[in-house]
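The lines below spell out each chain.
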Amino acid sequence: MEMPSIPQPTFYIFKCEQSSPPGMPKPSCVNENTRDLFNHTAQSLMKTGVMGPVQIVRTSCLGRCQMGPLMLVEPGHFMYSSLTKEKIDRIIDEHILGGKPVEEYLIPSTFWGDPINLVK
Ligand code: FES
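Summarised in this report is the structure supplied together with it. In this text the structure is predicted, and so the values were computed from the model without any measurement.

What counts and how
Residues numbered from 1 in each chain as written. Predicted model: local features only at pLDDT ≥ 70, side-chain atom pairs only at ≥ 80, totals over all residues. Core = buried A, V, L, I, M, F, W, Y, C linked by C-beta atoms within 7 Å. Buried ≥ 20, exposed ≤ 12 C-beta atoms within 10 Å, placed from the backbone. Helix = DSSP H or I, 4+ residues; strand = E, 2+ residues; numbered from the N terminus. Contact = placed C-beta atoms within 7 Å. Pairing = 2+ DSSP bridges. Axes fitted to C-alpha atoms, helices over the stretch in contact; angles between N-to-C directions. Arc of directions from axis to C-beta. Left-handed = near helix turned anticlockwise from the far one by under 90°. Nonpolar A, V, L, I, M, F, W, Y, C, P; charged D, E, K, R; others polar.

### Side note on the nonpolar core
So, step 1. By size, the foremost hydrophobic cluster in this structure holds 20 residues, and its most contacted members are Leu70, Met71, Leu72, Val73, Tyr80 and Leu83.
So, step 2. Among the elements of the structure, strand S1 (11-16), helix H1 (37-47), strand S3 (71-74), strand S4 (78-80) and helix H2 (85-96) are those that each provide at least two residues to this core.
So, step 3. Setting aside anything within four residues of it in sequence, one finds Leu72 in contact with Phe14, Leu62, Phe78 and Met79.

### Re the sheet that holds S3
So, step 1. In space, the 4 strands of this open sheet follow the order S2-S1-S3-S4, with mixed pairing throughout. The strands lining the two open edges of the sheet, one partner per strand, are strand S2 (54-59) and S4. Taken pair by pair, the neighbouring strands of this sheet meet at an average axis angle of 20°, ignoring direction.
So, step 2. Bridge analysis of S1 against S2 gives 6 bridges, and the strand direction is parallel. In the sheet register, Ile13 faces S2, and the bridge partner there is Ile56.
So, step 3. Contacts from H1 reach S1 and S2, with the element oriented near 170° to S2.

### Comments concerning the pairing of S1
A regular strand places its side chains on the two faces of the sheet in alternate fashion.
So, step 1. Bridge analysis of S1 against S3 gives 4 bridges, and the strand direction is antiparallel. Looking across to S3, one finds that Phe14 is bridged to Leu72.

### A word on H2
Think of an α-helix as turning once every 3.6 residues; residues three or four places apart then point the same way.
So, step 1. Along H2, the residues that are buried comprise Ile88, Ile91, Ile92 and His95. For H2, the arc enclosing every buried residue in end-on projection is 110°, short of the 170-degree limit, so these residues lie on one face.

### Quick look at the packing of H1 against H2
Each pair of packed helices can be summarised by the angle the axes make with each other and by the distance between the axes.
So, step 1. Here H1 crosses H2 at 30°, and the two axes come no closer than 10 Å. Note that H1 runs across H2; the crossing there is right-handed. Taking contact as the criterion, the partners of Leu37, His40, Thr41, Ser44 and Leu45 in H1 are, on H2, Lys85, Ile88, Asp89 and Ile92.
So, step 2. Classifying every residue of the contact of H1 with H2 by side-chain character gives 4 nonpolar, 3 polar and 2 charged.

So far we have only geometry, and geometry alone does not tell us how the molecule works.
Quick look at the structure:
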């Protein structure tokens, strides 16, 4: 008898959770004003009933610190920048639930060019 397969998640959200020590000149995604964005995202996903099909993952630096707070939505390499709770809720509503990325919240293309091709 064939076993049913476990479905893949629909989306992964990689939320940068890097914080710099006080006095560090480089900005970081998590500071005293932004430290609750991960929990806010998780709670919003739970409220909308999509925690599970949507996996949220804490990451360290995603390499675009000057544009933080950041989160990367996969599939598709959608990097959202300068996040707030309101922006996250709209991204969940329109991108995650509605299938339409929120273009105006995506990181500018000068910071996010095409992927590097490693195929030889
Ligand atoms: S600290 Fe978040 S991208 Fe570097």
